[in-house]
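# Breakdown of the fold
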Amino acid sequence: MKITSICCLGAGYVGGPTMAMIAAKCPDIDVTVADMNEARIAAWNSDELPVYEPGLDEVVASAIGRNLHFTTEIRESLAKADLIFVSVGTPTKSYGIGAGRAADLRYIEGAARLIAEVSTGHKIIVEKSTIPVKTASAIKTILSANSSEDATFEVLSNPEFLAEGTAIEDLQEPDRILIGGEITVSGNAAVEALASIYSRWVPRERIITTNLWSSELSKLVANAFLAQRISSINSISALCEATGADVDEVARAIGTDSRIGPKFLKASVGFGGSCFQKDLLNLVYLCESFGLPHVAEYWRQVVHLNDWQKTRFVEQIVRTLFNTVNGKRIAILGFAFKKDTNDTRESAAIQVCRDLLREHAHVVVYDPQVSAEQMCSDLIAAGVSEALLDSNFDVVDSPYTAAEHAHALATLTEWDEFRELDLEQIHSLMLKPAFVFDGRAILPLEKLKALGFEPFMIGKGG
Ligand code: NAD
Ligand code: UGA
């Protein structure tokens, strides 16, 4: 089956960059990204893309208007496509059965119903979103119950493994492409059709094919294992602080064992991002649903440890500042959940700022990519009142302005520019003692001490 027209439902952090890469690599395939969010689509069609991602502008520019289109005309785009990616959000359910753990699949179901309504002929439907295992079965049921007689479908799972901040590199040279399908003649043909798109730029040996359920589950398990490594090293960061060991040295020492490996062992104030917590909770819920409470409890601890890491960071600040931050100016450097993205979803900064505001601190934030509007809406969603934001929260456009008359400074995102700060100037701007809380362990500890700061660094004892 030759694919000439692709539609992707969802123009978010995954749908936009992923489809831009496919369009750039396959000029003969028409790729349309459709979303009902008019502002988002308008931004994709403008010079200021809705997603900040190094290298993304160039990839979009190479294909937009040629074979890459962003539109709100969802039905028309679906009707003409041979292959449809479903890349809509799958947030944690906030209501009813499974609230706080299960994935909310309403957007997936909405997408399936819409596809069924407008489809004729044969179409391949590809799950790009991260979903609980067995979702393909629900999609198939909805499609067959709601479509016209001449419509036939093959449902594939093709989870996305890109990380924000490195999305273009990850799409350009993925460790692997995973495609799950039904082991039937038409299932195999659909898997091959999708594989032949990726094989334009990904070596065949990196394209792994499995059955549907293994593919769906592998995505949740990959994120769970990555998050588990961070919680593991963060648990050790607390022990390092208590004993005088250095977590970076421990990470280097254990990471040279090829069975462990060096990646994802950087201690931090806690992992954030839209997916780790959501997918761990989703896995916990799945295990509970399948009668496996011990497995559920095991993975739940990864989330608990992450929450504790954020809480103990704030407690450290309050304790060090003589048990009160009331009225004190705290400079926060970084609000994004990691460097090189404007995404703040589940960022550790949200909890840290919220808890400092609840202690009546005056919080002043600098982040090179996140807007003040975004920060305020995140903090309001986290339960901070507008009155408290008005009186105790400011966003500034330089780390030096943030540091002026500050009692303490905390780094929460590892932006490269924070490694190059003029620390002498920062010290002269701050009140004394000049307390620094490095939640990313990126500042030079010995230099900070020599300049007269009182530094606390995640995972560094002594
Ligand atoms: P997002 O919230 O940025 O984008 C989802 C988009 O889908 C929204 O713009 C929304 O308006 C749109 N949408 C919802 N229903 C629709 C419909 N019926 N028709 C058209 N558009 C519709 O989400 P995201 O970060 O791109 O994540 C999407 C999925 O990919 C999630 O399941 C997530 O877990 C997974 N994922 C995300 C990342 C990441 O780095 N963000 C990485 C890998 C996988
Ligand atoms: C993560 C995975 O890395 C991707 O493979 C996956 O596709 C994606 O989730 C998803 O499913 O959404 P992402 O959340 O974008 O990607 O970014 P990561 O680089 O994984 O970082 C996640 C969080 O962990 C960040 O807050 C980061 O600062 C933190 N982190 C990461 C650490 O604290 N220490 C580390 O060693 C690595």
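A brief look at the structure comes next.

This paragraph deals with the sheet that holds strand β9 (residues 329–333). Across the sheet, 6 strands lie side by side as β11-β10-β9-β12-β13-β14; this open sheet has parallel pairing. Looking at which strands have only one partner, the edges of the open sheet turn out to be β11 (393–395) and β14 (454–457). Taken pair by pair, the neighbouring strands of this sheet meet at an average axis angle of 15°, ignoring direction. As paired strands, β9 and strand β10 (residues 362–366) are joined by 5 bridges and run parallel to one another.

With that settled, consider a negative patch on the surface. On the surface, Asp-47, Glu-48, Asp-57 and Glu-58 cluster together into a patch of negative charge. Checked against the element boundaries, Asp-47 lands in the loop between α2 (38–44) and α3 (56–63). On the basis of relative accessible area, Asp-47 is assigned to the exposed category, the value being 79%.

So, on to the side chain of Ser-398. Among the structural elements, Ser-398 can be located in the loop between β11 and α16 (399–403). Polar contacts involving the side chain of Ser-398 include one to the main-chain amide nitrogen of Tyr-400, which spans 3.0 Å.

In the vicinity of ligand 2 lie 20 residues, with Leu-162, Ser-268, Cys-275, Phe-337 and Arg-440 positioned nearest. One of the backbone N or O atoms of Glu-164 is found 2.8 Å from an oxygen atom in ligand 2. A distance of 2.8 Å is found between an oxygen atom of ligand 2 and a side-chain nitrogen or oxygen belonging to Lys-338. About the coverage of ligand 2: the protein hides 90% of its 700 Å² of free accessible area. Here the shell around ligand 2 gets 4 residues from one element, more than from any other, and that element is helix α9 (residues 212–243).

We now examine the pattern of salt bridges. Taken as a whole and assessed by the stated rule, the structure comprises 25 salt bridges. Across the pair Asp-28 and Arg-200 runs a salt bridge whose closest N-O atoms are separated by 2.9 Å. Of this pair, Asp-28 sits in the loop between α1 (15–25) and β2 (30–34) while Arg-200 sits in the loop between α8 (185–198) and β8 (207–211), placing them 172 residues apart in sequence. Between Arg-106 and Asp-104 there is a salt bridge, with the nearest N and O atoms lying 3.0 Å from each other. Taking the relative accessible area as the measure of exposure, Asp-104 reaches 4% and is therefore buried.

All chains considered together, the criterion is met by 11 aromatic pairs. The interplanar angle of 50° and the centroid separation of 6.4 Å between the aromatic rings of Phe-313 and Phe-456 together place this pair among those described as tilted. Within this pair, whereas Phe-313 is found in helix α12 (residues 293–320), its partner Phe-456 is found in strand β14, the two being separated by 143 residues in sequence. Each member of the pair, Phe-313 as well as Phe-456, carries the same accessibility label: buried. Over the ring of Phe-161 we find Arg-176, and its NZ or CZ is 3.6 Å from the ring centre. When the ring centre of Trp-308 is taken as origin, the NZ or CZ atom of Arg-312, which lies over that ring, is 5.2 Å away.

Thresholds applied
- Residues numbered from 1 in each chain as written.
- Chains lettered and ligands numbered in written order.
- Predicted model: local features only at pLDDT ≥ 70, side-chain atom pairs only at ≥ 80, totals over all residues.
- Heavy atoms only, no water.
- Pairing = 2+ DSSP bridges.
- Helix = DSSP H or I, 4+ residues; strand = E, 2+ residues; numbered from the N terminus.
- Axes fitted to C-alpha atoms, helices over the stretch in contact; angles between N-to-C directions.
- Patch = residues over 30% accessible without salt bridge, like charges linked within 9 Å, V, L, I, M, F, W, Y side chains within 5 Å.
- Areas by Shrake-Rupley, 256 points an atom, 1.4 Å probe, with all protein chains shown as cover.
- Salt bridge = Lys/Arg side-chain N within 4 Å of Asp/Glu carboxyl O.
- Lys, Arg positive; Asp, Glu negative; His and termini not counted.
- Charge placed at Lys NZ, Arg CZ, Asp CG, Glu CD.
- Buried < 20%, exposed > 50% of the residue type's maximum accessible area, 1.4 Å probe, protein only.
- Polar contact = N/O pair within 3.5 Å; in protein donor to acceptor, adjacent residues only side chain to side chain.
- Near = heavy atom within 4 Å.
- Phe/Tyr/Trp six-rings, centres within 6.5 Å; stacked < 30°, edge-to-face > 60°.
- Lys NZ or Arg CZ within 6 Å of the ring centre and 35° of its normal.

So far we have only geometry, and geometry alone does not tell us how the molecule works.
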